[in-house]
Amino acid sequence: MTTVDRSAARTAAQPPGVSRRRLLAAAAAAGAGGLAAGAAGGAFVQESVRDEPAALATVGATRVPFHGVHQAGITTPLQAAGHLAAFDLTPGASPAATRREAAALLRRWSDTAARLTAGEPAAGHDTGIARDAGPSSLTVTFGFGRGLFDRTGLAARRPAALAPLPPFSADALDARRSDGDLWVQIGADDALVAYHALRALIRDAGQAAAVRWQVRGFNRTPGATARPRTARNLMGQVDGTNNPRPTDEDFAARIFVPAGGDPDWMAGGSYAVYRRIRMLLDRWEHLSPARQERVIGRRRSDGAPLSGGPDAQESTPVDLDGRLADGTLAIAGDAHVRVAAPESNGGAAMLRRPFSYDEGLRDDGAPDAGLLFVAWQADPARGFVPVQRKLDRGDGLSRFLSHEASALWAVPGGAAAGEYVGQRLLEG
Ligand SMILES: C=CC1=C(C)c2cc3[nH]c(cc4nc(cc5[nH]c(cc1n2)c(C)c5CCC(=O)O)C(CCC(=O)O)=C4C)c(C)c3C=C
Ligand SMILES: [Fe+2]
């Protein structure tokens, strides 16, 4: 399990760099200058606060260790900024030569990830993009696509669980933004720290691999809400409530490949399904709030289930059999939470860990924005695939979505210090 080192962290309730006493004093000083101070007064407040050495500890100083049984970035709390990037290996003189290049690349990448997640500069030339910032909860997670096994002569060691995802009727997939030999997921609570890592990893790739696609994602910034809350997506929904929790008895079995599992080199690893899902936001935003809630089965304001009555909270269990006074189902037959629930899918479950994305407007004027859906499971055939099949047939949310890219990655277990991710496969 990933541990988050908060030893240097301030308390969550204290805004970064601002003591309450200091803020009040600064505000009083600005106020004493009278209304004429206007905007300049505001600037003064800002400057005087910045004077003080900031206790920026929570966001900047939080460090997520790179080394461990599992890779970081799976159970790590969602970060505010992220990049997903896929690479294709450059074919060498032979599959064995390509494999040696792939192994050397994973060694360079693991070394860079270990340094950057510790808040240190990259080896050799560092761009300086993240200078002044702490590690900011940076995580870097590496995955292998189907093509890697063919190019490196390792097809016999390819996991059965890495079988291609079946087609779904919601698919409008762009092959250029799908799949790839290698995958990197970067997350950090600072956008510059995340971009710094992306640039360093692309430089490390050198001639060994070329970027196939990359996309930038975001989530809410820690500290933006008065207390930690479940994230919201760009449809305004509280998203992530009914995720498996690390404290659940069956969490590890659902999410991670066990020691002694098949193949052996995937012990401690997981499978990541990636879907770039565009939201048809103009259509969605035309729905009344009540209709939007019915599509999901939860309240917009706080994510409480519609089966829970007026006093329900986000944590109130969903009652799929619950009925309203008029006898109709409180959670509609095609509500997203009903169709996606493990109870409706023979127990199938996954850990959803998405980023939102926004790439401006399309030629037709519609927003090119939505969800970089990333779902983690020990076996996609017992996680994403049955659930997406069911959603494909009867999800009320599906007419507001378009699945535009897709990929499936085998994500090996974490590396111990001195090792690199994927070593058990590439040198086994
Ligand atoms: C195949 C799996 C899923 C896809 C694809 C998917 C897309 C998707 N979901 C939302 C918004 C919400 N999803 C919620 C719950 C939920 N979603 C899935 C699976 C997929 N979602 C599951 C398994 C669940 C949990 C169901 C349950 O057990 O109750 C919710 C409710 C809050 C929550 O529990 O997280 C929202 C909101 C969007 C916008 C989207 C595609 C863009
Ligand atoms: Fe969902």
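Numbers given to residues run from 1 along each chain, matching the order in which its sequence is written. Lettering of chains starts at A and numbering of ligands starts at 1, both following the order in which they are written. Note on the predicted model: pLDDT of at least 70 is required for a residue's local features to be given, and 80 or more for side-chain atom pairs to be given and counted; whole-chain, interface and lining totals, by contrast, use all residues.

A. Structural detail: the overall build of the protein chain. Numbering goes from the N terminus for both helices and strands, where a helix is a DSSP run of H or I of at least four residues and a strand is a run of E of at least two. Assigned secondary structure in the protein chain consists of 12 helices and 9 strands. Three exposure classes are used, based on other C-beta atoms lying within 10 Å of a residue's own C-beta, which is placed from the backbone: buried for 20 or more, exposed for 12 or fewer, and partly exposed in between. When the 428 residues of the protein chain are sorted by exposure, 42% land in the buried category. Contacts are defined on C-beta atoms placed from the backbone: any two residues whose C-beta positions lie within 7 Å are in contact. When contacts within the protein chain are restricted to residue pairs at least 6 apart in sequence, those whose partners lie at least 24 apart make up 77%.

B. Layout of the UniProt feature "domain: Dyp-type peroxidase C-terminal" (unreviewed entry) in the protein chain. The residues that UniProt annotates with the feature "domain: Dyp-type peroxidase C-terminal" (unreviewed entry) are residues 230–415. The span residues 230–415 shows a helical share of 18% and a strand share of 22%, and its end C-alpha atoms are spaced 30 Å apart. UniProt positions are given in the numbering used here, feature names are shortened, and annotations may be inferred rather than shown by experiment.

C. A look at the UniProt feature "domain: Dyp-type peroxidase N-terminal" (unreviewed entry) in the protein chain. What UniProt calls "domain: Dyp-type peroxidase N-terminal" (unreviewed entry) maps, in this numbering, to residues 71–219. In the segment residues 71–219, helix accounts for 30% and strand for 21%; the C-alpha atoms at its two ends are 21 Å apart.

D. Quick peek at helix H11 (residues 384–394). Every buried residue belonging to H11 is among Phe384, Val385, Val387, Gln388 and Leu391, and all of these are buried. Viewed along the axis of H11, the buried residues span an arc of 165°, placing them on a single side of the element. Where H11 is buried, its residues touch strand E5 (270–279), helix H10 (336–340) and strand E8 (367–377). Directions drawn from the helix axis to the C-beta atoms are what define this arc.

E. Up close: the site of ligand 1. In this entry, near means the residue's backbone-placed C-beta atom lies within 6 Å of the molecule or strand. Around ligand 1, a shell composed of 27 residues is seen, among which Gln237, Thr241, Asn242, Ala340 and Leu371 lie nearest. Per element, the largest residue contribution to the shell around ligand 1 is 4 residues, and it comes from H11. Three residue categories are used. Nonpolar comprises Ala, Val, Leu, Ile, Met, Phe, Trp, Tyr, Cys and Pro, charged comprises Asp, Glu, Lys and Arg, and polar comprises the others, including Gly. Its residues placed into classes, the shell around ligand 1 shows 15 nonpolar, 9 polar and 3 charged.

F. Focus on the environment of glycine 396. Residue placement: glycine 396 occurs in the loop between H11 and strand E9 (401–411). Placed 61 residues apart in sequence, glycine 396 and alanine 335 show a C-alpha to C-alpha distance of 5.7 Å. Setting aside its immediate chain neighbours within four residues, glycine 396 contacts Val295, Ala332, Asp334, Ala335 and His336.

G. Spatial organisation of the nonpolar core. Among buried residues, those of type Ala, Val, Leu, Ile, Met, Phe, Trp, Tyr and Cys that are joined through C-beta atoms within 7 Å form a set called a nonpolar core. Counting 93 residues, the largest nonpolar core has Leu106, Leu182, Ala197, Tyr271, Ala272, Ala375 and Trp409 as the members making the most contacts within it. With near-sequence residues (within four places) excluded, alanine 375 lies in contact with Val273, Met350, Leu351, Arg352, Gly383 and Phe384.

H. Focus on the packing of helix H4 (residues 95–117) against helix H6 (residues 191–205). Relative orientation of the contacting elements H4 and H6 amounts to 155°, with a least axis distance of 9 Å. On the basis of the axis angle, H4 is roughly antiparallel to H6. Considering the relative orientation of H4 and H6, their crossing is right-handed. Where H4 approaches H6, its residues Leu105, Arg108, Trp109, Thr112 and Leu116 are matched on the opposing element by His196, Ala197, Ala200, Leu201, Asp204 and Ala205. Within the contact of H4 with H6, the residues separate by chemical class into 7 nonpolar, 2 polar and 2 charged. The axes are straight lines fitted to the C-alpha atoms, using for helices just the contacting stretch, and the angles between their N-to-C directions are given from 0 to 180°. Small angles under 35 degrees read as roughly parallel and large ones over 145 as roughly antiparallel, with 65 to 115 read as roughly perpendicular and the rest as oblique. The sense of a crossing depends on the near helix, which, turned anticlockwise from the far helix by less than a right angle, makes the crossing left-handed and, turned clockwise, makes it right-handed.

I. How the structure looks around the environment of glycine 180. Relative to the elements of secondary structure, glycine 180 occurs in the loop between helix H5 (146–151) and strand E3 (182–188). On the neighbour-count criterion, glycine 180 (26 C-beta atoms within 10 Å) is buried. Sequence-wise, glycine 180 and glutamine 207 are 27 residues apart; in three dimensions their C-alpha atoms are separated by 16 Å. With sequence-adjacent residues up to four places away left out, glycine 180 is seen in contact with Ala86, Phe87, Asp88, Gly145, Arg212, Trp213 and Ala407.

J. Structural context of H4. Each helix should span, by expectation, one fewer than its residue count multiplied by 1.5 Å. In this model, H4 (23 residues) spans 32 Å end to end at C-alpha, consistent with the 33 Å of a helix rising 1.5 Å per residue. Just beyond H4, the residue with positive phi is glycine 119, at close to 85°.

K. Spatial organisation of the environment of alanine 172. One can find alanine 172 in the loop between H5 and E3. Alanine 172 sits 101 residues away from glutamine 71 along the chain, and the two C-alpha atoms are 31 Å apart. Setting aside residues up to four positions removed in sequence, alanine 172 forms contacts with Ser402, His403 and Glu404.

L. Geometry of the confidence of the model for the protein chain. Within the protein chain, residue pLDDT values average 89, and 87% of them lie at 70 or more. A score from 0 to 100, pLDDT tells how confident the predictor is in each residue. No element of the protein chain has a lower mean pLDDT than helix H1 (residues 20–32), at 32, and none a higher one than E3, at 99. Ignoring residues within four places in sequence, the model shows residues 1–51, a span with pLDDT below 50, making 51 contacts including any to other chains. The ipTM assigned to the predicted complex is 0.99, against a pTM of 0.89.

M. Quick look at unusual backbone geometry. Here the amide bond leading from aspartate 262 into proline 263 is cis, since omega sits at -5°, within 30 degrees of zero. Phi is positive for aspartate 132, which is not a glycine, with a value near 85°. Along the polypeptide, aspartate 132 turns up in the loop between H4 and strand E2 (139–144). Owing to 7 C-beta atoms within 10 Å, aspartate 132 belongs among the exposed residues under this scheme. Despite not being glycine, aspartate 179 has its phi angle at roughly 55°, a positive value. The topology assignment puts aspartate 179 in the loop between H5 and E3.

N. Molecular detail of the pairing of E8. By the criterion of burial, E8 is predominantly enclosed, with 8 of the 11 residues buried. DSSP calls a pair of strands paired once it identifies at least 2 bridges connecting them. As defined by bridge partners, E5 adjoins E8 across 8 bridges and the pair is classed as antiparallel. From the neighbouring strand, valine 273 faces E8, where its bridge partner is alanine 375. By the bridge criterion, 2 bridges tie strand E6 (residues 351–352) to E8 in an arrangement that is antiparallel. Looking at the pairing, leucine 351 lines up with tryptophan 376 of E8. In the sheet, strand E7 (residues 355–361) pairs with E8 via 5 bridges, with the strands oriented antiparallel. Bridge pairing in E8 places phenylalanine 355 opposite leucine 372. In this antiparallel pair of consecutive strands, E7 and E8, the connection spans 5 residues, and glycine 365 shows a positive phi of 85°.

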